Amino acid sequence: MNLLGYVIKRIFQTIPLLFIVSVISFFLIRLAPVDPLAELKLNPSITQETLNYEVQRLGLDKPVIVQYGKWLKSFVKGDMGYCTTGEKVSDKLMERIPNTLLLTGFVILFTWLVGIPLGIVAALNWRKPIDRILTILSSIGMAIPSFFFALLLLIFAVKTGWFPTGGLTGYNFSEMTRFNKILDILHHLILPVIVLFTISLSGLQRQMRGNLLDVLQADYVKFARAKGLSENKVIYKHALRNAINPMVTLLGFEFASLLSGAALTEYVFQYPGLGRLILEAVMKSDINLVMASLMIGTIMLILGNLLSDILLKLVDPRVEVS
Amino acid sequence: MPKLFDFNQMPKENLLRYILKDKFAKYAFIILLILYLTVFLASFISPYSKEYSNRDKAYCPPSKIYIINEKGRLSLPYTYNYIRYYDKENFDTKYIEDRTKKYKVKYFAKGEKYKLFGFIPLNRHFYNVEKGGELYLLGTDINGRDNFSRLLFGGQISLTIGFLALLISFPLGMLYGGISGYFGGKTDFIMMRIAEAIMSIPSFYLLIILASILPANMTSAQRFTLIVVILALIGWAGFSRVVRGMVLSIKKKEFVISSEALGASNLRTIVYHILPQTLSYVIVAMTLSVPSYILSESGLSFLGLGIQQPDASWGNMLKEAQEFINIISRPWLLTPGFLIFVAVLSFNVIGDTIRDAIDPNSKER
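Remember, it's a predicted structure, so these values are computed and weren't measured experimentally. (Residues numbered from 1 in each chain as written. Chains lettered and ligands numbered in written order. Predicted model: local features only at pLDDT ≥ 70, side-chain atom pairs only at ≥ 80, totals over all residues.)

A closer look at the overall build of chain B
Turning to step 1, where the next piece is worked out: In terms of helices and strands, chain B carries 13 helices and six strands.
Turning to step 2, where the next piece is worked out: Along the longest, intermediate and shortest principal axes, the C-alpha atoms of chain B span 85 × 45 × 40 Å.
Turning to step 3, where the next piece is worked out: Taken across its 365 residues, chain B has 40% of its residues classed as buried.
Turning to step 4, where the next piece is worked out: Partitioning the contacts of chain B with sequence separation of at least 6, the portion at a separation of at least 24 is 67%. (Helix = DSSP H or I, 4+ residues; strand = E, 2+ residues; numbered from the N terminus. Buried ≥ 20, exposed ≤ 12 C-beta atoms within 10 Å, placed from the backbone. Contact = placed C-beta atoms within 7 Å.)

Given below as structure tokens:
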């Protein structure tokens, strides 16, 4: 019951947030002196009916406030209009979102699998050479521009021929068996995952290290030691569990920074994700697509934060809604 | 929320000494000093101007400098020019050294005229080559422009744009957080919801959309200014929330109450009495956020949405590396990426040390 109340409270908190974001993104893009249908009109394969439909849907002959209302209404209904290529925006998004989730999912999985143990190792060897080395390595990881690292890996891929140089699927994907399809996708995922993994690992490792160091100074850890528990038991049974709890909130942050950070990596690797979609939409000034993907990206980010908050509540019931 | 630092406890004069005492921070500091000094004196150190372009020498490889001549004796440094020829078998343009004529490398010699710092007319360059010779230390780009010179001029933009953006985003964030925290209640609620909304838009998406709104027909100075403004618009929201948190506790102190009792206006109380108390945190946060601005600018320019040609920035120089043939056979085009890496790494290392200096108990490094 307590949990349910918490979840409902948190969901209600996100509603004003979503509203403000929709206002910002709508008026931001309407600020641009671009006819939202200019590109659509230029495409000869778009019929006059589609154009008329779009004028109706967006209420382009009406004042801006009405336009906003109409846009919001059709957005909530899931109708986001057409891309300049003539495809439905919603179809395009549905095609791209799973790809981005796949990429970020793998990256988060690996950063946690590697970052948490490394953070523990660093904390247990505080100010010893291993800790210093890990600190330097994490500084290096944070300093590499993602697109530059992606370029370097591309060179590697081209020179060795071990990895595909972009995309998510090979040229003969449709002819493969199911098992080979999975292998093919994994093969294409390796390089983008390496780039994003390297960049997000450092933050997680440092955070884990800091948390564990804080916890190790707590009274209950001192007490556990004083009563003669073995060091292993003190660390892994008492300290670690409390040090990992705050990391759960980091999940939301990590997801957020990955959504942003992945755009450049997706661009370099020609990976068909949400980040590259919005980039291409921006470059082609495909207004419908830009607005929709901006909103969807934001909603995904808010949902990510929501999920990590709920997860935190599950592992640590003391948390309250602020 | 970060802890409130006591400004008096912060080793102000000793901060530099503290940095120099740390082995890594010392090297990082020296590297940054050299980087900034070089780009500051770019027009003197670089042999060519930003506009120089030799159309016959597109993608010319780096000039080799010899100090041992063909007889095996030590000689003053010299170089050869490259000749371009067309490889009919591979359908490729190639360069070969013209070994018939040597060109001596000269120091403090006369070359293209320029204005140091924009107002001192000079024509001597740190290094140069004899008349008729060409010296491209790091090769040339697609337009036959000297990569090394452009690297220095690009650094002027890439290394300063972060600081300029800070000058906008931090006062903005301070004032916003200050007003929100000071007035509290409904104002606070609404202002913080707006800040949260901005924070929940993926920042890079916002960045590219803002950059794409910019009209195309702008002078490079206008564009530069607007890119600075856009970068500044990204970071302030999260920062303002922290300032607000600090203001909430500061506004209950006696000096704030006395300022109100003396009849000072709200804005005056905020700006003159409350915000200065947050300064120590602000300074640290500013130092720590420089590298993220450098990375944002380079990413934006890399996509072609930031600094535009003919101006150079490290990001837009890397744009050429997007083509496969360039990254495979013209590796010198990747040099800007290494410089971004070195600069950001140095800033991060120094940032870590500063955090340590201010809060020796901090474990977050």
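Some words on the interface of chain A and chain B
Turning to step 1, where the next piece is worked out: Opposite the 42 residues of chain A that make contact, chain B presents 36 residues.
Turning to step 2, where the next piece is worked out: Elements that contribute at least two residues to the side of chain A that touches chain B include exactly helix H1 (2–31), helix H6 (129–143), helix H7 (146–160), helix H8 (178–216), helix H11 (247–268), helix H12 (274–283) and helix H13 (287–315) of chain A.
Turning to step 3, where the next piece is worked out: With eight residues, the top contributor of residues to the side of chain A that touches chain B is H1(A).
Turning to step 4, where the next piece is worked out: Its residues placed into classes, the side of chain A that touches chain B shows 33 nonpolar, six polar and three charged. (Nonpolar A, V, L, I, M, F, W, Y, C, P; charged D, E, K, R; others polar.)

Topic: the sheet that holds strand S5 (residues 103–116) of chain B
Residues and elements named next belong to chain B.
Turning to step 1, where the next piece is worked out: With antiparallel pairing, the four strands of this open sheet are ordered in space as S1-S2-S5-S6. The two strands at the open ends of the sheet, each matched to only one other strand, are strand S1 (65–68) and strand S6 (120–129). Mean inter-strand twist for the sheet, computed between neighbouring axes without regard to direction, equals 25°.
Turning to step 2, where the next piece is worked out: Note: strand S2 (residues 74–79) against S5, two bridges, orientation antiparallel. (Pairing = 2+ DSSP bridges. Axes fitted to C-alpha atoms, helices over the stretch in contact; angles between N-to-C directions.)

Let's talk about the pairing of S2(B)
All names here are of chain B.
Turning to step 1, where the next piece is worked out: As defined by bridge partners, S1 adjoins S2 across three bridges and the pair is classed as antiparallel. Bridge pairing in S2 links Tyr-66 to Tyr-78.
Turning to step 2, where the next piece is worked out: Counted between consecutive antiparallel strands, the loop separating S1 from S2 contains five residues, among which Gly-72 sits at a positive phi close to 85°.

Examining unusual backbone geometry
Turning to step 1, where the next piece is worked out: Each neighbour pair has its own omega, and for Gln309(B) with Pro310(B) the value is 0°, a cis peptide bond.
Turning to step 2, where the next piece is worked out: Relative to the helices and strands, Pro310(B) is located in the loop between helix H10 (279–302) and helix H11 (314–318).
Turning to step 3, where the next piece is worked out: A positive phi angle, near 55°, is found at Gln270(A), a position not held by glycine.
Turning to step 4, where the next piece is worked out: Checked against the element boundaries, Gln270(A) lands in the loop between H11 and H12.
Turning to step 5, where the next piece is worked out: On the neighbour-count criterion, Gln270(A) (15 C-beta atoms within 10 Å) is partly exposed.

Concerning the domain arrangement of chain B
Residue and element names in this part refer to chain B.
Turning to step 1, where the next piece is worked out: Looking at the assigned domains, one finds that chain B contains domain 1 (7–38 + 158–362) and domain 2 (49–144).
Turning to step 2, where the next piece is worked out: Between the C-alpha centres of domain 1 and domain 2 there is a distance of 39 Å.
Turning to step 3, where the next piece is worked out: Domain 1 puts seven residues into the contact, and the matching count from domain 2 is eight residues.
Turning to step 4, where the next piece is worked out: Residue classes in the side of domain 1 that touches domain 2 are distributed as four nonpolar, one polar and two charged. (Domains from an automatic or database assignment.)

Some thoughts on helix H6 (residues 203–213) of chain B
Spacing of three or four residues puts side chains on the same side of an α-helix, whose turn is 3.6 residues.
Turning to step 1, where the next piece is worked out: Within H6(B), nine of the 11 residues are buried, which leaves the element mostly enclosed by the surrounding structure.
Turning to step 2, where the next piece is worked out: Looking at H6(B), one finds that the buried residues are Ser203(B), Phe204(B), Tyr205(B), Leu206(B), Leu207(B), Ile208(B), Ile209(B), Leu210(B) and Ala211(B).

A short note on the nonpolar core
Turning to step 1, where the next piece is worked out: Counting residues in hydrophobic clusters, the biggest one holds 138 residues, and the most contacted among them are Ala150(A), Ile278(A), Val290(A), Leu207(B), Ile208(B), Ile209(B) and Leu231(B).
Turning to step 2, where the next piece is worked out: Residues in contact with Ile209(B), not counting those within four places in the same chain, are Leu28(A), Ile29(A), Val282(A), Val290(A) and Leu294(A).
Turning to step 3, where the next piece is worked out: Ranked by size, the runner-up nonpolar core spans 19 residues in total, among them Met208(A), Leu212(A), Val234(A) and Met247(A). (Core = buried A, V, L, I, M, F, W, Y, C linked by C-beta atoms within 7 Å.)

Considerations on the environment of Gly5(A)
Turning to step 1, where the next piece is worked out: When you line up the elements, Gly5(A) lands in helix H1.
Turning to step 2, where the next piece is worked out: Taking the C-alpha atoms as reference points, Gly5(A) and Gly228(A), 223 residues apart in sequence, are found 41 Å from one another.

Concerning the environment of Ser203(B)
Turning to step 1, where the next piece is worked out: Mapped onto the secondary structure, Ser203(B) falls in helix H6.
Turning to step 2, where the next piece is worked out: On the neighbour-count criterion, Ser203(B) (23 C-beta atoms within 10 Å) is buried.
Turning to step 3, where the next piece is worked out: On a C-alpha basis, the gap between Ser203(B) and Ile327(B) in space is 29 Å, while along the polypeptide they are 124 residues apart.
Turning to step 4, where the next piece is worked out: Residue contacts for Ser203(B): discarding those within four places in its chain leaves Ser260(A) and Ile234(B).

Observations concerning the packing of H8(A) against H11(A)
All names here are of chain A.
Turning to step 1, where the next piece is worked out: As a packed pair, H8 and H11 sit with axes 10 Å apart at the nearest point and diverge in direction by 155°. One way to sum up the angle between H8 and H11 is to call them roughly antiparallel. Helix-helix and strand crossings are classified by hand; for H8 and H11 the assignment is right-handed. Residue-level inspection shows Pro-192, Val-195, Leu-196, Ile-199, Ser-200, Leu-204, Gln-207, Met-208 and Asn-211 of H8 in contact with H11, the latter providing Met-247, Leu-250, Glu-254, Ser-257, Leu-258, Gly-261, Ala-262, Thr-265 and Glu-266.
Turning to step 2, where the next piece is worked out: Its residues assigned to classes, the contact of H8 with H11 shows 10 nonpolar, six polar and two charged. (Parallel < 35°, antiparallel > 145°, perpendicular 65-115°, else oblique. Left-handed = near helix turned anticlockwise from the far one by under 90°.)

A word on the packing of H6(B) against helix H7 (residues 220–250) of chain B
All names here are of chain B.
Turning to step 1, where the next piece is worked out: Running from amino to carboxyl end, H6 crosses H7 at an angle of 155°, the nearest separation of the two axes being 10 Å. As judged from the angle between their axes, H6 and H7 are roughly antiparallel. For the pair H6 and H7, the crossing hand works out as right-handed. Contact with H6, carried on its side by Ser-203, Leu-206, Leu-207, Leu-210 and Ala-211, involves Ile-227, Ile-230, Leu-233 and Ile-234 of H7 and no other residues of that element.
Turning to step 2, where the next piece is worked out: Taken together, the residues that form the contact of H6 with H7 break down as eight nonpolar, one polar and no charged.

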